[in-house]
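The residues making up each chain are set out below.
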2 protein chains.
Amino acid sequence: MTSSDHSNYQIHKNQIQLTDGTVYETYRTAGTLCSHDDEFNFKKGIHPTRQDWIQKRIAEGSQNHSQMYFAKRGILTDEMRYVALREGMDPEFVLNEIKIGRAIIPSNINHPELEPMIIGKKFLVKINANIGNSALGSSIQEEVEKLRWALHWGADTVMDLSTGKNIHETREWIIRNSPVPIGTVPLYQALEKVKGKAEDLNIDVFLETLEEQASQGVDYFTIHAGVLEAYVPLTKKRITGIVSRGGSIMARWCIHHKKENFLYEHFGRINQVMKKYGVSYSLGDGLRPGCIADANDDAQFAELKTLGELTKKAWEEDIQVMVEGPGHVPLHLIEENMRLQNEICSEAPFYTLGPLVTDIAPGYDHITSAIGATVIAWHGTAMLCYVTPKEHLGLPNKEDVKAGVIAYKIAAHAADVAKQHPGAQKRDDLLSKARFEFRWKDQFALSLDPELAERYHDETLPQDGMKKAHFCSMCGPHFCSMHLTQELRKEEAKSSG
Amino acid sequence: MTSSDHSNYQIHKNQIQLTDGTVYETYRTAGTLCSHDDEFNFKKGIHPTRQDWIQKRIAEGSQNHSQMYFAKRGILTDEMRYVALREGMDPEFVLNEIKIGRAIIPSNINHPELEPMIIGKKFLVKINANIGNSALGSSIQEEVEKLRWALHWGADTVMDLSTGKNIHETREWIIRNSPVPIGTVPLYQALEKVKGKAEDLNIDVFLETLEEQASQGVDYFTIHAGVLEAYVPLTKKRITGIVSRGGSIMARWCIHHKKENFLYEHFGRINQVMKKYGVSYSLGDGLRPGCIADANDDAQFAELKTLGELTKKAWEEDIQVMVEGPGHVPLHLIEENMRLQNEICSEAPFYTLGPLVTDIAPGYDHITSAIGATVIAWHGTAMLCYVTPKEHLGLPNKEDVKAGVIAYKIAAHAADVAKQHPGAQKRDDLLSKARFEFRWKDQFALSLDPELAERYHDETLPQDGMKKAHFCSMCGPHFCSMHLTQELRKEEAKSSG
Ligand code: SF4
Ligand code: SF4
């Protein structure tokens, strides 16, 4: 494997062929059917080498490479056209959503491998998978394999959160092999540069790191500029304090120096790097709650207000922004998070981590958090950061990545359906019809995880003929209710005929 | 193992001991901490042999053994006292909830092995696990093992849905070994008695089956008396028709005979058996939707109206009632289900199957349904019937039973927390505190699945010393945000000191 060979990591399956020959196209590998009519004309053939689009804009002398910059000037970019095709939306609609800041297309000019995608509440809900090593585990190869695996199951963006060895090289491999946007938290590498001493951080080492990562092609940066000095004492009464790594690093810096967060103070300088490469902000929620007892507290909402202020500052320079959100929130407090974020951040896309709705199930936090994620996405969250079964317990491996991605495809899709997004329910209905007609192969093909569905079915009835049987082992032949309904319909036809 | 030896199936762990010696008592094995103060005085010692209570009432000449019968006469039964202790509620409150029909204690006089429990929206949300063989699999031993396993992980009631061989004997083993209420769908066995021909069913063979099962000690019966002849045509436009086994059998009978459902016509005779043994109704939703496209349709709500009517008929004879609900419902249509059931069935406990919020994830329907289950329980559903990963694909095995039960413990508990049920959040807070203080053993002990949590942690850091380490492999020692917060607090203490 060489780092320029990324053919393995292209979307390798974007069609579902049913047994009658009908073909349905999917947004991504294991994703949602995104066409809202059968005429949807997204074709493999039009995949870009984005390089050409970028070169053209550079030749034209553009200094700001943010999609918002073009949108505000009424310029419809190739990226906008591309996402419009993917989502089955009107390109002008896409342009307008980007112009008003309600959607973003994370797209660094140095990431030509990217197949552009859009994040915003008027589009399909997206999911992010976190990968990356820690000091205690994983190799470059394992991380690239996690990337491939996350994409196979349908991750829409991937964050490389490496904090261990070979941070730069790991990231290079990941970006070069990724057709989806890559996000990072540059603070982690900056901290490594000052040998792990938070108090030795400063804006210069940070900007140097930012430049390094942006020039590699990172599409969005988590920046913890909202953790203000004055907010740190608000976390004192909490059960779990500050659980964001970036948040706890910046809090430490502020308290040590008795100074304001240098990311906040020098936000304007950060803006310059963002514009130059077309990187998008993911404004970090460094003070998000780490347990349900700490949800929706003063610290969390104080920071949110600052994130709203920073959103506007970024928009003034035409830089795309999304805003990160919690975390751990009991069900009855979820809606308030979405409502406040909407108001305070003027509808900039919300990007939440879960939230987990209970703390009592370590080992199952892909489930505790998928519940909260579905509900918050229904209320308008644009992208959901997955949580794996290893959350709080250890570094996720490949199988954990799959479990997290699938749980979040379910959450995102269930929210699309609940939002009555055009065409979202189509895949459900096709699958239900296949189920009722005992087209087992079609039922499997339309599943988020066709292999698993087939394996489960075959545990008890592996024989080939059973793929057309009018029952399965759950109820058995005499009690299959769907079979009984079909008999009933025959009976009704007879008695009315 | 003999059928009278059920000592293995008692609640074998109802205490969580923390490393500092503190002990917390749990409602059930893997259940919710139900005390709302530390003085909670539910002790192992008071477990009943319920036999004495029952004998006393029989000696007093009672003809109706329903708890509602006693409640309406202001008589506080031992069962009511027992559940009051379990839930940490006032006994008079329990009595009143039963009197007005808002809660039930399913408790057949021939099930003395029962440790009484209560189902109602003012109490902790309960979960049911379905077990039982089909014509295509499983032995008595496997089913008893599934029962034991379901109880180990925290099922509050269990339904034996056997439709295969040895129905009577399987049920006997299950009831004799169960400290939790057992429910059945008597129609399945009645159908076996007429050799699988729905049209040969009649009220006599049904009542004979009812008497047989009630005398064995079944605590609640699903009765599909709401599937009226006139409602069957309403299912014609559906994608998946009638997906309840009982519903499709009764629909077939009605259409064949062009007659009204005999369960509806002879409801009064069924009442007699219910009273005699103190069995509770679980009014079956034979016309529940089988896919999200069919949710909240005319067929479903027509039947619900009839279930409301039957609820009142049962209450007139002091018989306890819960009402079954869907099934498959997209998130935005869930609340309407709860609201209508509340209105139409005068707050009789709602007992729903999930609902699944999307149909595209066979193999993961414990997750798709736990999402809907959490939301509907938050709105007031009193008991959730679990769904396993095998749903729609085959008969669940032991591992599927565990996966289903855990997903539903999460759903029920998250709903208790969202309802702000007294004390519900205590276990979350204890676990979060243990997490923040790096008391790894306590974090595991407080988990729904301590073994799995520990195994996941130990995958990367198995060494004994790591059980006190101030980090895990997820972020590693330099990036552990909780460790950083603790350092921060030291720093704060220093600079203010
Ligand atoms: S036997 Fe039951 S689970 Fe299997 S196809 Fe028929 S209705 Fe569905
Ligand atoms: S390393 Fe990360 S996941 Fe592990 S205990 Fe620390 S904060 Fe929690």
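Residues numbered from 1 in each chain as written. Chains lettered and ligands numbered in written order. Predicted model: local features only at pLDDT ≥ 70, side-chain atom pairs only at ≥ 80, totals over all residues. Heavy atoms only, no water.

## Observations regarding the overall build of chain A
Right, on to step 1. Scanning chain A from terminus to terminus reveals 19 helices and 12 strands.
Right, on to step 2. The globule rule puts the C-alpha radius of gyration for 497 residues at 23 Å, and the 24 Å found for chain A is close to it.
Right, on to step 3. Oriented by its inertia axes, the alpha-carbon framework of chain A measures out at about 85 × 55 × 45 Å.
Right, on to step 4. Out of the 497 residues in chain A, the part that is buried amounts to 68%. (Helix = DSSP H or I, 4+ residues; strand = E, 2+ residues; numbered from the N terminus. Rg over C-alpha atoms; globule rule 2.2 N^0.38 Å. Buried < 20%, exposed > 50% of the residue type's maximum accessible area, 1.4 Å probe, protein only.)

## Re the interface of chain B and chain A
Right, on to step 1. Between chain B and chain A, the contact holds 106 residues from the first and 107 residues from the second.
Right, on to step 2. Of the roughly 9400 Å² buried at the junction of chain B and chain A (both faces included), carbon and sulfur atoms supply 68%.
Right, on to step 3. Interface area lost by chain B to chain A is led by B:I360, B:M474 and B:F479, which between them contribute 9%.
Right, on to step 4. At the junction of chain B and chain A, the tally comes to 4 salt bridges.
Right, on to step 5. The residue B:K390 makes a salt bridge to A:E459 at a minimum N-O spacing of 2.6 Å.
Right, on to step 6. Here chain B is connected to chain A by 26 residue pairs in polar contact (both at pLDDT 80 or more).
Right, on to step 7. Counting only elements with at least two residues in the side of chain B that touches chain A, the list comes to α7 (186-193), α9 (245-257), α14 (365-378), α15 (398-418), α16 (426-436), α17 (440-445), α18 (450-460) and α19 (481-496) of chain B.
Right, on to step 8. Among the elements that make up the side of chain B that touches chain A, the one with the highest residue count is α19(B) (10 residues). (Contact = heavy atoms within 4.5 Å. Buried area = accessible area lost by both parts, 1.4 Å probe. Salt bridge = Lys/Arg side-chain N within 4 Å of Asp/Glu carboxyl O. Polar contact = N/O pair within 3.5 Å; in protein donor to acceptor, adjacent residues only side chain to side chain.)

## Remarks on the pairing of strand β9 (residues 280-283) of chain A
Two faces, one strand: in a regular strand the side chains alternate between the faces of the sheet.
Residues and elements named next belong to chain A.
Right, on to step 1. Burial of the side chains of β9 extends over both faces: S280 and S282 are buried on one face and Y281 and L283 on the other.
Right, on to step 2. Pairing geometry for strand β8 (residues 220-223) and β9, over 4 bridges, is parallel. Looking at β9, one finds that T222 is bridged to S282.
Right, on to step 3. Of the strand pairs in this sheet, β9 and strand β10 (residues 321-325) are connected by 3 bridges, and their pairing is parallel. From the neighbouring strand, S282 faces β10, where its bridge partner is M322.
Right, on to step 4. For the crossover that starts at β9, traverses helix α12 (residues 298-316) and ends in the parallel β10, the hand is right-handed. (Pairing = 2+ DSSP bridges. Right-handed = clockwise from strand over helix to strand, strands pointing away.)

## As for the site of ligand 2
Right, on to step 1. All residues adjacent to ligand 2 are A:H392, B:F438, B:W440, B:C472, B:M474, B:C475, B:G476, B:C480, B:S481 and B:M482.
Right, on to step 2. More than one chain reaches ligand 2: the nearby residues come from chains A and B.
Right, on to step 3. In the shell around ligand 2, the residues fall into 7 nonpolar, 3 polar and no charged. (Near = heavy atom within 4 Å. Nonpolar A, V, L, I, M, F, W, Y, C, P; charged D, E, K, R; others polar.)

## Examining the packing of helix α14 (residues 365-378) of chain A against α14(B)
In a packed pair of helices, the relevant descriptors are the angle between the two axes and the axis-to-axis distance.
Right, on to step 1. Between α14(A) and α14(B), whose axes approach to 9 Å, the crossing angle comes to 60°. Classified by the angle their axes make, α14(A) and α14(B) are oblique. α14(A) and α14(B) meet at a crossing whose hand is right-handed. The segment α14(A) lies against α14(B), with A:H366, A:I367, A:A370, A:I371, A:T374 and A:V375 engaging B:H366, B:I367, B:A370, B:I371, B:T374 and B:V375.
Right, on to step 2. Classifying every residue of the contact of α14(A) with α14(B) gives 8 nonpolar, 4 polar and no charged. (Axes fitted to C-alpha atoms, helices over the stretch in contact; angles between N-to-C directions. Parallel < 35°, antiparallel > 145°, perpendicular 65-115°, else oblique. Left-handed = near helix turned anticlockwise from the far one by under 90°.)

## Examining the site of ligand 1
Right, on to step 1. Neighbouring residues of ligand 1: A:F438, A:W440, A:F471, A:C472, A:M474, A:C475, A:C480, A:S481, A:M482 and B:H392.
Right, on to step 2. Chains contributing residues near ligand 1 are chains A and B.

## Describing the sheet that holds strand β8 (residues 220-223) of chain B
Residues and elements named next belong to chain B.
Right, on to step 1. If you trace the 8 strands once around the closed barrel, you get β5-β6-β7-β8-β9-β10-β11-β12, paired in parallel fashion. Between one strand axis and the next, the sheet turns through 25° on average, direction left out of account.
Right, on to step 2. Sheet topology note: the strand β11 (residues 350-353)/strand β12 (residues 383-385) ladder contains 3 bridges and is parallel. Counted as the bridge partner of T352 is L384 from β12.
Right, on to step 3. Across the sheet, helix α11 (residues 267-277) touches β8 and β9 (280-283), and the angle it forms with β9 is around 135°.

## Considering α14(A)
Residue and element names in this part refer to chain A.
Right, on to step 1. For α14, built from 14 residues, the straight-helix expectation of 20 Å at 1.5 Å per residue is met to within 8% by its first-to-last C-alpha distance of 20 Å.
Right, on to step 2. Burial analysis of α14 places 13 of its 14 residues in the buried class, the great majority of the element.
Right, on to step 3. Just past α14, the residue G380 takes up positive phi, approximately 135°. (Expected span 1.5 Å × (residues − 1).)

## Quick notes on the side chain of B:R176
Residue and element names in this part refer to chain B.
Right, on to step 1. Its place among the elements puts R176 in helix α6 (residues 167-176).
Right, on to step 2. On the basis of relative accessibility, which here comes to 14%, the residue R176 falls in the buried class.
Right, on to step 3. Here E113 takes part through its side chain, which lies 2.7 Å from a polar atom of the side chain of R176.

## With respect to the relation of the copies chain B and chain A
Right, on to step 1. If you rotate chain B by 180° and push it 0.0 Å along the axis, it lands on chain A with an RMSD of 0.0 Å. Between the two chains, the operation in question is that of a two-fold axis. Looking at the rotation axis and the C-alpha trace of chain B, the residue lying nearest is B:I371, at 2.4 Å.
Right, on to step 2. Both copies present the same face, since 100% of the interface residues in chain B are matched by interface residues at the equivalent positions in chain A. (Least-squares fit on C-alpha atoms with pLDDT ≥ 70 in both.)

## Quick notes on the sheet that holds strand β11 (residues 350-353) of chain A
All names here are of chain A.
Right, on to step 1. Pairing is parallel in the closed barrel, where 8 strands are placed in the order β5-β6-β7-β8-β9-β10-β11-β12. Direction aside, the axes of adjacent strands within the sheet are offset by 25° on average.
Right, on to step 2. Of the pairings in the sheet, the one linking strand β5 (residues 126-131) to strand β6 (residues 157-160) comprises 4 bridges and is parallel in character. Within β6, the position partnered with I131 by the bridge is D160.

## Considering the UniProt feature "binding site: Zn(2+)" (unreviewed entry) in chain A
Residue and element names in this part refer to chain A.
Right, on to step 1. The sites that carry the UniProt feature "binding site: Zn(2+)" (unreviewed entry) are, in the present numbering, H328 and H392. A maximum C-alpha distance of 12.3 Å among these annotated residues, which run over 65 residues, shows that they cluster at one spot.
Right, on to step 2. Inspection of the secondary structure puts H328 in the loop between β10 and α13 (334-344).
Right, on to step 3. Mapped onto the elements, H392 comes out in the loop between β12 (383-385) and α15 (398-418).
Right, on to step 4. Residue H392 is classed as buried on the basis of its relative accessible area of 15%.
Right, on to step 5. One polar contact links H392 to H328, side chain to side chain, over a distance of 3.4 Å. (UniProt positions renumbered as here; feature names shortened; annotations may be inferred.)

## Notes on the packing of aromatic side chains
Right, on to step 1. Taken as a whole and assessed by the stated rule, the structure comprises 20 aromatic pairs over all chains.
Right, on to step 2. Measuring from centroid to centroid gives 6.2 Å for A:Y220 and A:Y351, while their planes differ by 90°, and the two rings are edge-to-face. In this pair, A:Y220 sits in strand β8 while A:Y351 sits in strand β11, placing the two residues 131 residues apart along the sequence.
Right, on to step 3. Feature note: the residues A:F206, A:W253 and A:F262 constitute an aromatic cluster, connected by ring pairs.
Right, on to step 4. The ring of B:Y456 has A:K390 sitting right over it, with the charged end atom 5.0 Å from the ring centre. (Phe/Tyr/Trp six-rings, centres within 6.5 Å; stacked < 30°, edge-to-face > 60°. Lys NZ or Arg CZ within 6 Å of the ring centre and 35° of its normal.)

## Let's talk about the pairing of β5(A)
All names here are of chain A.
Right, on to step 1. Most of β5 sits inside the fold, with 6 of its 6 residues counted as buried.
Right, on to step 2. Burial along β5 is two-sided: the face carrying K126, N128 and N130 and the face carrying I127, A129 and I131 are both buried.
Right, on to step 3. Inspection of the sheet shows β5 paired to β12 by 3 bridges, in the parallel sense. Along β12, the bridge assignment pairs N128 with C385.

## Here's the deal with the packing of helix α7 (residues 186-193) of chain A against helix α8 (residues 203-216) of chain A
Residues and elements named next belong to chain A.
Right, on to step 1. For the pair α7 and α8, interaxial distance at closest approach is 9 Å and the crossing angle is 125°. Taken together, α7 and α8 sit at an angle that is classed as oblique. Here α7 and α8 pass one another in a crossing that is right-handed. In this structure, α7 contributes P186, L187, Q189, A190 and K193 to the contact, and α8 contributes V205, F206, E208, T209, L210, E212 and Q213.

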